[in-house]
Amino acid sequence: MARIEELGTNAPDQGGSVPSLPDEGKADLHLHTTYSDGVHSPYDLLKKARGAGLSTVAITDHDHVGAIEEATGWGAKLGITVLPGVELSITLGGKDLHLLAYLFDCTNPMLLEYLAFFRGERLKRAERMVRKLNNINVPLKLDTVLEQAGIGAVGRPHIANALVEEGLVESFHEAFQRFIGTGGPAYETKFQLTPQEAFRLITQAGGLSFLAHPGRYLSEQELLLLIKQGLDGIEVVHPSHSDLQQKYYRGIVNQYFLLECGGSDYHGGKKNDDHVFGTYTVPLHVVETMRSRLFS
Ligand code: AMP
Ligand code: ZN
Ligand code: FE
Ligand code: FE
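All figures in this text were calculated on a predicted structure; none of them were measured in a lab.

### Remarks on the nonpolar core
Here is step 1 of the chain: By size, the foremost hydrophobic cluster in this structure holds 47 residues, and its most contacted members are Ile 59, Leu 99, Leu 226, Leu 231 and Ile 234.
Here is step 2 of the chain: No other element matches strand 3 (residues 81-92), which puts five residues into this core.
Here is step 3 of the chain: Residues within four places of Ile 234 in sequence aside, it is in contact with Phe 210, Leu 211, Pro 214, Leu 223, Tyr 249, Ile 252, Val 253, Leu 258, Leu 259, Glu 260 and Cys 261.
Here is step 4 of the chain: Counting 19 residues, the second-largest nonpolar core is a separate cluster that includes Val 130, Leu 140, Val 145 and Ala 175.

Here it is, written out as structure tokens:
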């Protein structure tokens, strides 16, 4: 068999130009809808995806898979493949981390039961945060938060929007800065699984687990611990990652035979992130590699 370095010299003469591979399409594997703290319905998001030329998307709402069936139906009409996804919160040595899960069975009873439990805990946490705000003379009403959340898993972005809505802060950013940012005076922790519990939950539902937007938060030791415990991959492409961080995490992925994923973490609306839509993507072979890890 020809060695790889010989192939160039034996290849037919093509007039010096390297033949280009067909455009395989691009995927955004990190998107939020109204089922969590995104502002767009599954239909609106899918329309935006078509406008941006995406051929595959994963909807990754926090603790909710409610958008997926609806999005898959719209996707079939619009020519976009929709992968099952969800974003979970885990804790590692006091650090709050996010996990992205993909390609699981959306009807898995244990997964659905856990997600419903997490959403219930989110609601209790929102109540505690509103109480904390009231105790420091910020008269936010829980009803305003619940209106903001609508059908979605309630989270801090809804509290921030409610604070703006009631005129208690000037901006979304100020809400986090003054009150509800991590460690702030009205901050409350969420119920979180350990990494091992989360990996088990996702595995029993037939899915793969990825560390979401690790950014600067993790030491290599912590990363290695997660890999040992069953992490399948890392989100390499994310708006919060510098080129250097992308290179670093792609290096870790290759070194430890992990999978890669990536996307825009698009929420829409007030977070003013429209410019990222369609620009943080991964090539489709990334998705094929995920599938082959599961189904080969
Ligand atoms: P939660 O899951 O309820 O703790 O909300 C976390 C979400 O709040 C994240 O996914 C971000 O979208 C948003 N968030 C967290 N910290 C900030 C911050 N400092 N400024 C703006 N948004 C933030
Ligand atoms: Zn979010
Ligand atoms: Fe996240
Ligand atoms: Fe996200």
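### Thoughts on the coordination of the iron ion (ligand 4)
Ideal geometry at a metal gives 109.5 degrees between four tetrahedral donors and either 90 or 180 degrees between six octahedral ones.
Here is step 1 of the chain: Around the iron ion (ligand 4), the protein supplies His 30 (NE2), His 32 (NE2), Glu 87 (OE) and Asp 265 (OD) as donor atoms, at distances of 2.1 to 2.3 Å.
Here is step 2 of the chain: Every donor residue of the iron ion (ligand 4) comes from the same chain, spaced as H-x1-H-x54-E-x177-D.
Here is step 3 of the chain: A gap of 4.3 Å separates the iron ion (ligand 4) and the zinc ion (ligand 2). With His 30 in strand 1 (residues 26-31) and Asp 265 in the loop between strand 7 (259-262) and strand 8 (282-283), the pair connects residues that are 235 residues apart, well separated along the chain.

### Regarding the coordination of the zinc ion (ligand 2)
Here is step 1 of the chain: Distances from the zinc ion (ligand 2) to its protein donors, namely Asp 37 (OD), Asp 37 (OD), His 62 (NE2) and His 267 (NE2), fall within the range 2.0 to 2.6 Å.
Here is step 2 of the chain: Coordination at the zinc ion (ligand 2) is irregular, judged from the four donor atoms that bind it and the angles of 51 to 145° they form at the metal.
Here is step 3 of the chain: The metal-metal distance between the zinc ion (ligand 2) and the iron ion (ligand 3) is 5.7 Å. Highlighted residues: Asp 37 in the loop between strand 1 and helix 2 (42-51) and His 267 in the loop between strand 7 and strand 8, separated in sequence by 230 residues. No difference in accessibility class separates Asp 37 from His 267, as the two residues are buried.

### Some words on unusual backbone geometry
Here is step 1 of the chain: Unusually for a residue other than glycine, Leu 103 sits at a positive phi of about 60°.
Here is step 2 of the chain: Mapped onto the secondary structure, Leu 103 falls in the loop between strand 4 (95-102) and helix 4 (109-135).
Here is step 3 of the chain: Residue classification places Leu 103 among the buried positions, given a relative accessible area of 9%.
Here is step 4 of the chain: You will see that Phe 257, though not glycine, has its phi angle at about 55°, which is positive.
Here is step 5 of the chain: Within the secondary structure, Phe 257 is located in the loop between helix 10 (243-255) and strand 7.
Here is step 6 of the chain: Judged by its relative accessible area of 66%, Phe 257 is exposed.

### Some words on the pattern of salt bridges
Here is step 1 of the chain: Scanning all chains against the criterion turns up nine salt bridges.
Here is step 2 of the chain: Measuring nitrogen to oxygen at the nearest pair gives 3.0 Å for the salt bridge that ties Lys 132 to Glu 188. With a gap of 56 residues between them, Lys 132 in helix 4 and Glu 188 in the loop between helix 7 (172-180) and helix 8 (195-204) connect regions that are remote in the sequence.
Here is step 3 of the chain: Judged by relative accessible area, which is 29%, Lys 132 ranks as partly exposed.
Here is step 4 of the chain: When its relative accessible area of 17% is taken as the criterion, Glu 188 is described as buried.
Here is step 5 of the chain: In this structure, the salt-bridge partner of Arg 291 is Glu 288, at a minimum N-O distance of 3.9 Å. Taken together, the residues Arg 291 and Glu 288, both in helix 11 (residues 284-295) and three residues apart, mark about one turn of the helix.
Here is step 6 of the chain: On the basis of relative accessible area, Arg 291 is assigned to the partly exposed category, the value being 26%.
Here is step 7 of the chain: Salt bridges sharing partners connect three or more residues here, namely Arg 128, Lys 132 and Glu 188.

### Topic: the pairing of strand 5 (residues 208-211)
Here is step 1 of the chain: The alternating pattern of strand 5 places Leu 208 and Phe 210 on one face and Ser 209 and Leu 211 on the opposite face, and all of these are buried.
Here is step 2 of the chain: Both strand 4 and strand 5 contribute to a ladder of four bridges, which runs antiparallel. Looking at strand 5, one finds that Tyr 102 is bridged to Leu 208.
Here is step 3 of the chain: The pairing of strand 5 with strand 6 (residues 233-237) spans two bridges and is classified as parallel. By the bridge assignment, Phe 210 is partnered in strand 6 with Gly 233.
Here is step 4 of the chain: Between the parallel elements strand 5 and strand 6, the chain passes through helix 9 (residues 220-229) in a crossover that is right-handed.

### Notes on the sheet that holds strand 6
Here is step 1 of the chain: Taken together, eight strands build an open sheet; the order of strands is 7-6-5-4-3-2-1-8 and the sheet is mixed. A single partner strand is all that each edge strand has here, and the edge strands are strand 7 and strand 8.
Here is step 2 of the chain: Strand direction decides the pairing type here: strand 2 (residues 56-59) and strand 3, joined by four bridges, are parallel. Paired with Ile 59 across the bridge in strand 3 is Pro 84.
Here is step 3 of the chain: Against the sheet, helix 8 engages strand 3, strand 4 and strand 5, with an angle of about 155° to strand 3.
Here is step 4 of the chain: Relative to the sheet, helix 10 contacts strand 6 and strand 7, its axis offset from that of strand 6 by approximately 155°.

Conventions used here
Residues numbered from 1 in each chain as written. Chains lettered and ligands numbered in written order. Predicted model: local features only at pLDDT ≥ 70, side-chain atom pairs only at ≥ 80, totals over all residues. Heavy atoms only, no water. Core = buried A, V, L, I, M, F, W, Y, C linked by side-chain atoms within 4.5 Å. Buried < 20%, exposed > 50% of the residue type's maximum accessible area, 1.4 Å probe, protein only. Helix = DSSP H or I, 4+ residues; strand = E, 2+ residues; numbered from the N terminus. Contact = heavy atoms within 4.5 Å. Donors = N, O, S within 2.8 Å, 3.2 Å for Na, K, Ca; no water. Tetrahedral: all angles 85-135°; square planar, octahedral: opposite > 155°, others 65-115°. Salt bridge = Lys/Arg side-chain N within 4 Å of Asp/Glu carboxyl O. Pairing = 2+ DSSP bridges. Right-handed = clockwise from strand over helix to strand, strands pointing away. Axes fitted to C-alpha atoms, helices over the stretch in contact; angles between N-to-C directions.

Read these as layout, nothing more, since geometry by itself doesn't imply function.
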